[in-house]
Amino acid sequence: PTTPTKPTTPTKPTTPTKPKPSPGRASLSLSVSSTQVDVNRNGRRDAGDRIDFRYRLTNTGAVRVTGLRLSGAATGAITCATSTLAPGSQVSCQSSHTLSQSDINRGRLSSTATAKGVNSASGASVGASRSSTVRWSSAARLALSQTAQLTSDPGGDGLPNEGDAVTYRFTVTNTGAVVLRSVRVNNALLKRLGSTISCASTTVAPKSSTTCVSTPLRITRTQAMAGKTVSKAGASALTLSGEVVRSNSTQTTLTVLKPNASGSNWIRRDGNGGSGGKSRRAFAKLSMTQSLHSVVDNNKNAVLDRGDSVRYAFTITNVGSVPVSGIRVADTKLAKLKVNIRCASVTLAPGQSTACVSAPLVLTDFQARAGIGANFATGQGTALGVIVKSNLTSMSVPKRIAGAQPAVAAAVAPLDFGEGLFSAGPSEVSALSDADRTAASLTKTKTNFDSGTLGMLGGGLLAGGLLLASVTKVVVKRRKPVIHLPGSDS
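1. As for the pattern of salt bridges
Scanning all chains against the criterion turns up five salt bridges. For Asp49, the salt bridge identified is with Arg45, shortest N-O distance 3.2 Å. Take Arg45: its relative accessible area is 15%, and that puts it in the buried class. Glu162 serves as the salt-bridge partner of Arg221, at 2.4 Å between the closest nitrogen and oxygen. In this pair, Arg221 sits in helix H3 (residues 221–226) while Glu162 sits in the loop between strand S8 (142–152) and strand S9 (165–174), placing the two residues 59 residues apart along the sequence.

Structure below.
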């Protein structure tokens, strides 16, 4: 028989240990928004404008987060109202970034903001980050202008003719806010005729320009027969990101001297087309003469001294075969002394003339002592876009006025181009003394007047050479002079 086993002694139950409490979970969330600011208010994004960033940081955990700070690349310094967040609370932060030219060239600004803090319960770090990209429309713009210039003129007439060479000059301006590269000018006419265009620079910064010039282009018979050549052009470029930018379209018309019926651009020298005249090309030419218009001798001593004044007269004639516009007198001395010159007409047809008169040149002490000296001047105008200059004229005014009598002084008013006559004004008449008014008489004398101008000084009549003793008023018509004397009705 088996031996019965002893019953086991039951063990005492163990007391369960209490788990240690774990710290609360900490977490953060971050959102970013931005506003583009047009600092210079020009309606486009360019260097110097600003991007304002706004951040919202939220404590999405169960414990307080302390030591909060935000940082970001390309966003500038970020500031927050507080550095501690209780569970479920949030804080706003902000920063600003000023756009550079590099930013503008890229057309966008990318940045990443990072928030970091400390779990107040466990001391562990906690953080969050958010990336954002701000974009703006390209502010790329291009402007183009062009001119045509006669660069080869075998005939020497200064006018565009068949066979002459013309060079086209283009100015390409970057009117946008981004750097442009691969600048080029497109011109179908020049390309078709084999003329190439080269630019001084193919990269243009904002608000800068580059000049592009064509190789010389010969005027063809077809263009000459048409009487003009028309150049249409446009420019193009690329942004640094590869976007194509196109300029405005521009057009320049060059007037070409049209050949006559026989197909030749030569004309007869005698102007009647007869066979007896020697022929040459049409041409633009001016001729000019210079003379003394009038003198005011204030103290009646027949000597030009301080306070006296002189005026110059010029006659410009179109001796060419084409009209000339913009007629003017180029006089360096008078221009430097700020003495204006006025011409009766600013446009002259072939064979026409115009009179020009200067304002008074009042003598200074130095001019009274040393003399006025020689005066040099040319007549100028424009024919078919080309500047035309006359011969160089000169004249000198003597210090002592030949033939003048001390007892007489009279001033001549400006030419009246509207009615064809001029007269001494009341102020000049009243300046004469009573003795002057009654001192002399004058017999009828025939005098030829140069260009309808009369100049008096002392007792001398400059333009006609007539010697006067005393004058109260002078009226000169273009063809027939009428002189009024004291006590005379004629």
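Anyway, onward from the coordinates.
2. Concerning the environment of Glu162
Of the residues examined, Glu162 reaches a relative accessible area of 26% and is grouped as partly exposed. Within the local environment of Glu162, its side chain forms a polar contact with the side chain of Arg221, the two groups lying 2.4 Å apart.

3. Focus on the confidence of the model for the chain
Overall, the prediction assigns the chain a mean pLDDT of 75, with 71% of residues at 70 or greater. With pLDDT under 50 throughout, residues 403–490 is counted as low confidence; its partners more than four residues away or in other chains account for 142 contacts.

4. Side note on the sheet that holds strand S2 (residues 50–59)
The four strands are arranged S1-S2-S5-S4 in an open sheet whose pairing can be described as antiparallel. Single-partner strands in this sheet number two, and they are strand S1 (28–37) and strand S4 (79–80).

5. Focus on the state of the cysteines
The final tally for this structure, using the stated rule, is three disulfides. Between Cys80 and Cys93 runs a disulfide, and the two sulfur atoms are separated by 1.9 Å. Across the S-S bond of Cys80 and Cys93 the torsion is about 110°, and the bridge reads as right-handed. With a gap of 13 residues between them, Cys80 in strand S4 and Cys93 in strand S5 (residues 90–98) connect regions that are remote in the sequence. Given a relative accessible area of 30%, Cys80 falls into the partly exposed group. What connects to what in the chain, once the bonded cysteines are numbered by sequence position, is 1-2, 3-4, 5-6.

6. Overview of the packing of aromatic side chains
Under the criterion given, the structure shown has one aromatic pair. Considering the side-chain rings of Phe53 and Tyr55, the 6.4 Å spacing of their centres and the 20° angle between planes classify their relative orientation as stacked. Across the pair, exposure class does not vary: Phe53 and Tyr55 are buried alike.

7. Some thoughts on the side chain of Gln146
Inspection of the secondary structure assignment puts Gln146 in strand S8. We classify Gln146 as buried; its relative accessible area is 8%. A distance of 3.2 Å separates a polar atom in the side chain of Gln146 from the backbone oxygen of Thr250. Look past the residues within four positions of Gln146 in its chain and what remains in contact with it is Tyr168, Arg169, Phe170, Asn187, Ser231, Lys232, Ala233, Thr250, Gln251 and Thr252.

8. A few points about the sheet that holds strand S3 (residues 65–72)
Whenever strands of a sheet pair, they do so through backbone hydrogen bonds, lying parallel or antiparallel. Reading across from one edge, S3-S6-S7 is the order of the three strands in this open sheet, with antiparallel pairing throughout. Strand pairing shows two members of the sheet lacking a second neighbour, S3 and strand S7 (125–135), which therefore form its edges. The average angle at which neighbouring strand axes cross in this sheet is 15°, direction not considered. Bridge count between strand S6 (residues 108–119) and S7: eleven bridges; the pairing is antiparallel. Its bridge partner being in S7, Ser110 is matched across the sheet by Thr133.

9. Observations regarding unusual backbone geometry
Despite not being glycine, Arg41 shows a phi value in the positive range, around 55°. Positionally, Arg41 belongs in the loop between S1 and S2. A positive phi angle, near 60°, is found at Lys300, a position not held by glycine. Relative to the elements of secondary structure, Lys300 occurs in the loop between strand S19 (286–296) and strand S20 (309–318).

Rules used in this analysis
Residues numbered from 1 in each chain as written. Predicted model: local features only at pLDDT ≥ 70, side-chain atom pairs only at ≥ 80, totals over all residues. Heavy atoms only, no water. Salt bridge = Lys/Arg side-chain N within 4 Å of Asp/Glu carboxyl O. Buried < 20%, exposed > 50% of the residue type's maximum accessible area, 1.4 Å probe, protein only. Helix = DSSP H or I, 4+ residues; strand = E, 2+ residues; numbered from the N terminus. Polar contact = N/O pair within 3.5 Å; in protein donor to acceptor, adjacent residues only side chain to side chain. pLDDT = per-residue confidence, 0-100. Contact = heavy atoms within 4.5 Å. Pairing = 2+ DSSP bridges. Disulfide = S-S within 2.5 Å. Phe/Tyr/Trp six-rings, centres within 6.5 Å; stacked < 30°, edge-to-face > 60°. Axes fitted to C-alpha atoms, helices over the stretch in contact; angles between N-to-C directions.

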